[in-house]
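Observations on the model geometry
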Amino acid sequence: MKISVAPLMKQPYGVSETYDLGESPITPRSEHAALLEIGVRAVEGDALFTHTNPGILVQGTVRADVELECGRCLDRFIARVPARLEEQYYASIDVVSGAVLAEPPRDARVIGHDFLLDVTPLVREHVLLELPLKPLCRENCAGICPTCGVDQNERAHRHDEVEDERWSQLRTLLADFDKKK
Ligand SMILES: [Zn+2]
Ligand SMILES: [Zn+2]
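Attention now goes to the coordination of the zinc ion (ligand 2). Donor atoms from the polypeptide that bind the zinc ion (ligand 2) are Cys145 (SG), Cys148 (SG), His157 (NE2) and His159 (NE2), placed at 1.9 to 2.3 Å. In this structure, the zinc ion (ligand 2) is coordinated by four donor atoms arranged in tetrahedral fashion, with angles at the metal of 96 to 123 degrees. For the zinc ion (ligand 2), the single-chain donor residues occur in sequence as C-x2-C-x8-H-x1-H. The class of His159 is partly exposed, set by a relative accessible area of 23%.

In this section: the sheet that holds strand S6 (residues 109–111). Read across the open sheet, the five strands follow the order S2-S3-S4-S5-S6; overall the sheet is mixed. Of all the strands in the sheet, just strand S2 (16–20) and S6 have a single pairing partner and so form its edges. For this sheet, the mean inter-axis angle between neighbouring strands, taken without regard to orientation, is 25 degrees. In the sheet, strand S3 (residues 40–51) pairs with strand S4 (residues 55–69) via 11 bridges, with the strands oriented antiparallel.

What follows covers the layout of surface pockets. In this structure, the largest pocket spans a volume of roughly 170 Å³. Every residue lining the largest pocket is counted, 14 residues in all, and those nearest its centre are Met9, Tyr13, His51, Asp94 and Val95. Here the lining of the largest pocket is composed, by residue class, of eight nonpolar, four polar and two charged.

Cis geometry is found at the peptide bond from Ser24 to Pro25, where omega equals -10 degrees. Within the secondary structure layout, Pro25 lies in the loop between S2 and S3. A positive phi angle, close to 65 degrees, is found at Leu74, a residue other than glycine. Within the secondary structure, Leu74 sits in the loop between S4 and strand S5 (76–91).

Only Cys70 (SG), Cys73 (SG), Cys137 (SG) and Cys141 (SG) from the protein coordinate the zinc ion (ligand 1), and they sit 2.3 to 2.4 Å from it. Around the zinc ion (ligand 1) sit four donor atoms; with metal-centred angles ranging over 106 to 113 degrees, the donor geometry is tetrahedral. Taken in chain order, the donor set of the zinc ion (ligand 1) reads C-x2-C-x63-C-x3-C. With a gap of 67 residues between them, Cys70 in the loop between S4 and S5 and Cys137 in the loop between helix H2 (120–130) and helix H3 (165–180) connect regions that are remote in the sequence. Take Cys137: its relative accessible area is 22%, and that puts it in the partly exposed class.

When its domains are assigned, the chain resolves into domain 1 (2–130) and domain 2 (142–181). Centre-to-centre, using C-alpha coordinates, domain 1 lies 51 Å away from domain 2. In terms of surface lost to domain 2, no three residues of domain 1 exceed Arg72, Cys73 and Asp75, which account for 90% of the buried area on that side. Linking domain 1 with domain 2 are zero salt bridges, by the criterion used here. Where domain 1 meets domain 2, there are one residue pair in polar contact (both at pLDDT 80 or more).

Reading the values: rules and limits
- Residues numbered from 1 in each chain as written.
- Chains lettered and ligands numbered in written order.
- Predicted model: local features only at pLDDT ≥ 70, side-chain atom pairs only at ≥ 80, totals over all residues.
- Heavy atoms only, no water.
- Donors = N, O, S within 2.8 Å, 3.2 Å for Na, K, Ca; no water.
- Tetrahedral: all angles 85-135°; square planar, octahedral: opposite > 155°, others 65-115°.
- Buried < 20%, exposed > 50% of the residue type's maximum accessible area, 1.4 Å probe, protein only.
- Pairing = 2+ DSSP bridges.
- Helix = DSSP H or I, 4+ residues; strand = E, 2+ residues; numbered from the N terminus.
- Axes fitted to C-alpha atoms, helices over the stretch in contact; angles between N-to-C directions.
- 1 Å grid on protein atoms, 1.4 Å probe; cavity = no way out; pocket = protein on both sides within 12 Å on 5 of 7 lines; lining within 4 Å.
- Points joined across faces, edges and corners; volume = space filled by probe spheres on them.
- Nonpolar A, V, L, I, M, F, W, Y, C, P; charged D, E, K, R; others polar.
- Domains from an automatic or database assignment.
- Buried area = accessible area lost by both parts, 1.4 Å probe.
- Salt bridge = Lys/Arg side-chain N within 4 Å of Asp/Glu carboxyl O.
- Polar contact = N/O pair within 3.5 Å; in protein donor to acceptor, adjacent residues only side chain to side chain.

Structure follows, in structure tokens:
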């Protein structure tokens, strides 16, 4: 999502403006399309852009709906991930005179000749930092049975040491059969 910051940079230092960073749903043609590759399906939130001496200071809060895979049951689910944004962007050109400005620090985020500030990489970076290392679809997810592979959230069960799942299924069938007789 590219935001034109030229008008703000023509204002005195300290002047700020709020921009809506939300987009829902995010599709391959969205302004936030680059977030799809980390599983983000929607974003809401906004950021305050302030004209500062080196350029634009971005401060904001976003909430991203991220599709994750549960570490226990392998179901895919949507987690709401909040992230704080704070980043100083450096102007490379004076917006009024067009003069080339002093070289920004190494690794600094730079505002190019078009004065478009792309916030998507910043959102991506901060949402990535907030993603859980071991996602769980719910806190008490029972996970997949290590013996038979059945999702234990759907069917809680235990295995006797001597009896495996196929035998218990067979017994259920036989019991049903007996009932029908
Ligand atoms: Zn789960
Ligand atoms: Zn099982």
